[in-house]
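# A closer look at the structure
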Amino acid sequence: MRLIDSHCHLNYEGLAERQSEVLASARERGVSGFLNISTRQREWGDVIAVAEREPDVWASVGIHPHEADAHPDLGAAELVGAAKHPRVIAIGECGLDYYYDKSDRQAQRERFQAHIDAAREAGLPLVIHTREAEADTAEILEAAVKKGGVTGVLHCFTGSAELARKGLDLGFYVSLSGIVTFKNAADLQDTAKWLPADQMLVETDAPFLAPVPHRGKKCEPAFVADTAAFVAGLRGEEPEELAQRTTANFFNLFGKARP
């Protein structure tokens, strides 16, 4: 089996201290690629360094919506410059989070637009975080796609079926994390059943959101195999089939990662 963890944070506490062990454990379970995500500008160098050291790890550059207030001057030019590195294959994670409201909403929207502009200029996909901000997310993405040159993934998807359909219609992918295995995730499980096979990814968002049967543990990229097996069961597919399809989807979306 060959899987890709399309979203993890290898430089976060809990994984960074034992990075080599974490990667080795994942590879033993068939994980052959990792997209290491940045959430603050000061992380970019360290995130890229892992991708330089490990041939099956790639990097993103971006800032999480929680960090919008802390990056008031971040514009598209800085993102585009960092994205020129050969191991950077995505812009993000970026987006809107109105659940925690850790940054001013207007600042979040402005930083999100900077990421969209950078993605268009760099020719790279967006990695999008959205929580309790469906209307604004859909409106912003619709305008971006109408202008052209923008694609990406709704990562760690927990939104409504309507948002999933909107994203899919705009050409975006939907990525499922360990949340889909939770007992209280019936609506998300229903969505997972009908997602188009060619617009679906799997991820861990490690070190967060460990799937069943690892609840309560620090999440690791190896656990993407458990999420993939669960989703395959929901869809009546063989795990190998889902692994093959989502891996192909990863390289279709993140074209810069292709060998």
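Residues numbered from 1 in each chain as written. Predicted model: local features only at pLDDT ≥ 70, side-chain atom pairs only at ≥ 80, totals over all residues. Heavy atoms only, no water.

Before going further, it helps to examine the pairing of strand S1 (residues 3–8). Most of S1 sits inside the fold, with six of its six residues counted as buried. Taking the sense of rotation as the criterion, the β-α-β connection linking S1, helix H1 (residues 19–28) and strand S2 (residues 31–36) turns out right-handed. (Buried < 20%, exposed > 50% of the residue type's maximum accessible area, 1.4 Å probe, protein only. Helix = DSSP H or I, 4+ residues; strand = E, 2+ residues; numbered from the N terminus. Right-handed = clockwise from strand over helix to strand, strands pointing away.)

Moving on: the side chain of Thr191. Relative to the elements of secondary structure, Thr191 occurs in helix H7 (residues 186–194). Thr191 sits in the buried class, given a relative accessible area of 3%. In this structure, Thr191 is in contact with Ala161 and Ala164, ignoring residues within four places of it in sequence. (Contact = heavy atoms within 4.5 Å.)

This brings us to the packing of aromatic side chains. Counted according to the given criterion, the structure contains six aromatic pairs. Measuring from ring centre to ring centre gives 5.7 Å for Tyr12 and Phe208, while their planes differ by 80 degrees; the resulting arrangement is edge-to-face. In this pair, Tyr12 is assigned in the loop between S1 and H1 and Phe208 in the loop between strand S8 (200–202) and helix H8 (224–235), connecting sequence segments 196 residues apart. Using a relative accessible area of 38% as the deciding quantity, one classes Phe208 as partly exposed. (Phe/Tyr/Trp six-rings, centres within 6.5 Å; stacked < 30°, edge-to-face > 60°.)

Taking 1.5 Å of rise per residue, 15 residues should cover 21 Å, and helix H9 (residues 239–253) covers 21 Å from first to last C-alpha, within 8% of that figure. For H9, the complete set of buried residues consists of Leu242, Ala243, Thr246, Thr247, Asn249, Phe250, Phe251 and Leu253. (Expected span 1.5 Å × (residues − 1).)

With that out of the way, let us pick up the environment of Ala122. One can find Ala122 in helix H4 (residues 105–122). Using a relative accessible area of 27% as the deciding quantity, one classes Ala122 as partly exposed. Distance in space between the C-alpha atoms of Ala122 and Glu93 is 15 Å, their sequence separation being 29 residues.

Before going further, it helps to examine the nonpolar core. Most often, soluble globular proteins have nonpolar side chains that are buried together. Among the nonpolar cores identified, the biggest contains 73 residues, and Leu3, Leu10, Val61, Phe112 and Leu126 are the most heavily contacted of them. Non-local contacts of Val61, meaning those with residues more than four positions away in its chain, are made with Ser38, Trp44, Ile48, Leu79, Ala82, Ala83, Val88, Ala90, Ile91 and Gly92. Residues Ile4, Leu35, Val153 and Phe251 belong to the second largest nonpolar core, which totals 15 residues. (Core = buried A, V, L, I, M, F, W, Y, C linked by side-chain atoms within 4.5 Å.)

Here we come to the environment of Ser175. When you line up the elements, Ser175 lands in strand S7 (residues 173–176). Its relative accessible area of 1% is what places Ser175 among the buried residues. What Ser175 contacts, discounting residues up to four positions off in sequence, is Ser6, Val153, Leu154, His155, Cys156, Phe157, Leu201, Val202 and Glu203. Among the polar contacts made by the side chain of Ser175, one reaches the side chain of Ser6 at a distance of 3.4 Å. (Polar contact = N/O pair within 3.5 Å; in protein donor to acceptor, adjacent residues only side chain to side chain.)

Looking now at the environment of Arg131. Note that Arg131 resides in strand S5 (residues 126–131). By relative accessible area, Arg131 is classed as partly exposed at 32%. Setting aside residues up to four positions removed in sequence, Arg131 forms contacts with Leu96, Asp97, Tyr98, Tyr99 and Tyr100.

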